[in-house]
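Residues per chain, in single letters:
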Amino acid sequence: MELLNGNEVSKLIKISIKEQVATLKAEGKKTPHLAAILVGSDGASMTYVAAKEKDCKEVGFDSTVIRFDQSISEAELITEIEKINEDRNIDGLIVQLPLPKHINEKKITETIHFKKDVDGFHPMNVGMMFKGLKTFLPATPYGVIKLIEHYNIETSGKNCVIIGRSDIVGKPMSALMLQKNCTVTVCHSKTQNIGNFTKEADIIIAALGIPLFLKADMVKEGAVVIDVGITRVENLNSKSGYSLKGDVDFETVAPKCSYITPVPGGVGPMTRVGLLLNTLEAVKMQG
Ligand code: GUN
């Protein structure tokens, strides 16, 4: 069994991004600039946005976080996004989700100009991705693909089972694994006996958000297992009061695998690097 080490691979990619940023600067071109909108004070969202800011700094990007009170109206938020759409200094924009209930996330996603949509959530970018055209890929599926490519994992003709059908992970992941010539099955909350599918899989991508869901008896010998799940589970022995659990019961599943991602240190850091790659791409696309 070999670990798919997202910490290590993301570090290598960040070094390469940093070098490319230095080259852009040396050529008198634009420094990539990511803007993040954060509405309210949800703990996890604040942590994610702070991490994105830190990542930008590390690779030499400019970053701006624009914070709004929970009470901002949908119309006001749309006006702010439109201002950023017009701002030539900003290359990429993300609006951290979830948003307060009175704001329609779909509407917000569609307001961000698709050429600045480094989350890859805009319907234009989703459509281009499904057609296999060059566009911004959602950060997590993008990171997973980079991990698979780094370890030269064979995908052509392999059975890939994805558990979860979210717009952010499961659906785009299915399109990308199909492009890598896998035979793709997407299981979800209404699928009966998921184990019957996963037992036949060469590659399993678990993205359902149920801690320790995938057990050893659901996995065949030699499978590649990629765990996208990250759930905070209370752990009074830990300093933070919680620990992070993936969707895979790592201890029992790992011995059966050819490759497996740990949690943390697997897909998480690759997701963060996916956003950086998109932001760099945004600058290059705009010349
Ligand atoms: N909330 C959880 N994941 C994401 C993400 O990838 N992008 C944004 N904008 N919000 C999120």
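Residues numbered from 1 in each chain as written. Predicted model: local features only at pLDDT ≥ 70, side-chain atom pairs only at ≥ 80, totals over all residues. Heavy atoms only, no water.

### Considering the sheet that holds strand β3 (residues 62-68)
Counted only if it meets this: A pair of strands counts as paired when DSSP detects no fewer than two bridges linking them. By the criteria applied, helices consist of DSSP H or I runs no shorter than four residues and strands consist of E runs no shorter than two, each listed in order from the N terminus. For helices, the axis comes from a line fit to the C-alpha atoms of the stretch in contact; other axes are also lines fit to C-alpha atoms, and the angle between any two N-to-C directions lies between 0 and 180 degrees.
Strands sit in the order β3-β2-β4 across an open sheet of three strands; the sheet is parallel. Lying at the two open borders of the sheet, with one neighbouring strand each, are β3 and β4 (92-95). When the angles between neighbouring strand axes are averaged without regard to direction, this sheet yields 15°. When strand β2 (residues 33-39) meets β4, the two strands line up parallel, connected through four bridges.

### Points about empty space enclosed by the protein
As a reminder of what qualifies: Using a grid of 1 Å spacing that covers the protein atoms alone, one calls a set of points a cavity when a 1.4 Å probe fits there but cannot get out, and a pocket when the set is open and has protein on both sides within 12 Å along at least five of seven lines; lining residues are those with an atom within 4 Å of a point. Grid points are joined across faces, edges and corners, and a volume is the space filled by probe spheres set on the points. Three classes are used, and their members are as follows: Ala, Val, Leu, Ile, Met, Phe, Trp, Tyr, Cys and Pro are nonpolar, Asp, Glu, Lys and Arg are charged, and the others, Gly among them, are polar.
Counted by the stated rule, this structure contains two cavities of 30 Å³ or more. Looking at the largest cavity, its volume works out to about 60 Å³. V95, L97, I108, T109, I112, D117, D119 and F121 are the residues that line the largest cavity. Each pocket or cavity is described by its volume, and for the second largest cavity that value is around 40 Å³. Lining the second largest cavity are L34, A36, V49, K52, E53, S63, T64 and V65. For the lining of the second largest cavity, the residue count by class is four nonpolar, two polar and two charged.

### Quick word on the sheet that holds strand β5 (residues 159-163)
Here we have six strands laid out as an open sheet, ordered β1-β11-β8-β7-β5-β6, and parallel in their pairing. Only two strands of the sheet have a single partner each, and these edge strands are β1 (2-3) and β6 (183-187). Note: strand β7 (residues 203-206) against strand β8 (residues 224-227), four bridges, orientation parallel. Following the sheet pairing, I204 is matched in β8 by V225.

### Here's the deal with the site of the ligand
This is how it is decided: The rule for a residue being near a molecule or strand is that one of its heavy atoms must lie within 4 Å of it. What qualifies as a polar contact is a pair of N or O atoms within 3.5 Å, subject to a donor-acceptor requirement within protein and to the restriction that residues adjacent in sequence count only when both atoms come from side chains. Any molecule with more than half of its atoms within 2 Å of a cavity's or pocket's grid points is counted as sitting in it.
What surrounds the ligand is the set V95, Q96, L97, D119 and F121. Backbone polar atom of L97 to a nitrogen atom of the ligand: 2.9 Å apart, as the coordinates give it. Residue D119 places a side-chain N or O atom 2.7 Å away from a nitrogen atom belonging to the ligand. Its atoms largely coinciding with the cavity grid, the ligand occupies the largest pocket. Tallied by class, the residues present in the shell around the ligand amount to three nonpolar, one polar and one charged.

### Notes on the layout of surface pockets
Gaps left between atoms are located by rolling a probe of water-molecule size over the structure's atoms. Roughly 1500 Å³ of volume is contained in the largest pocket. What lines the largest pocket is a set of 48 residues, and nearest its centre among them are Y48, T140, I230, G268 and T271. Elements represented by at least two residues in the lining of the largest pocket include exactly α1 (6-26), α2 (43-59), α6 (139-150), β9 (231-234), β10 (242-245) and α10 (267-285). Looking at the lining of the largest pocket, the element that brings in the most residues is α10, giving eight residues. Grouping the amino acids of the lining of the largest pocket by side-chain chemistry returns 24 nonpolar, 14 polar and ten charged.

### Considering the pattern of salt bridges
In plain terms, the rule: What counts as a salt bridge is simple: a side-chain nitrogen of Lys or Arg found within 4 Å of a carboxyl oxygen of Asp or Glu. Relative accessibility thresholds used throughout: buried, under 20% of the residue-type maximum; exposed, over 50%; partly exposed, between the two (1.4 Å probe, protein chains only).
Enumeration over the complete set of coordinates arrives at twelve salt bridges. A salt bridge links D167 to K171, with the nearest nitrogen and oxygen atoms 2.7 Å apart. Using a relative accessible area of 40% as the deciding quantity, one classes K171 as partly exposed. With a closest N to O distance of 2.8 Å, D202 and K220 form a salt bridge.

### As for the packing of helix α5 (residues 123-131) against helix α7 (residues 170-179)
As a reminder of what qualifies: Roughly parallel means an angle under 35 degrees; roughly antiparallel, over 145; roughly perpendicular, 65 to 115; everything else is oblique. The criterion used for residue contact is that any of the two residues' heavy atoms lie within 4.5 Å.
Taken N-terminus to C-terminus, the directions of α5 and α7 make an angle of 30°; their axes are 9 Å apart at the nearest point. With respect to their mutual orientation, α5 and α7 come out roughly parallel. Packed against α5, whose contacting residues are M129, F130 and K131, the element α7 presents K171, P172, A175, L176 and Q179 at the interface. In terms of residue class, the contact of α5 with α7 is built from five nonpolar, one polar and two charged.

### Some remarks on the nonpolar core
Here is the rule we go by: As used in this record, nonpolar core signifies buried Ala, Val, Leu, Ile, Met, Phe, Trp, Tyr and Cys residues forming a set joined through side-chain atoms within 4.5 Å.
In this structure, I17, F61, V144, M177, I205, I226 and V228 are the most contacted members of the largest nonpolar core, which totals 50 residues. The element contributing the most residues to this core is α10, with nine residues. Look past the residues within four positions of I205 in its chain and what remains in contact with it is V144, C160, V161, I162, I163, M173, M177, I226 and V228. Listed in part, the 17 residues of the second largest apolar core include A201, I204, A206 and A254.

Worth remembering: the numbers are spatial, not functional.
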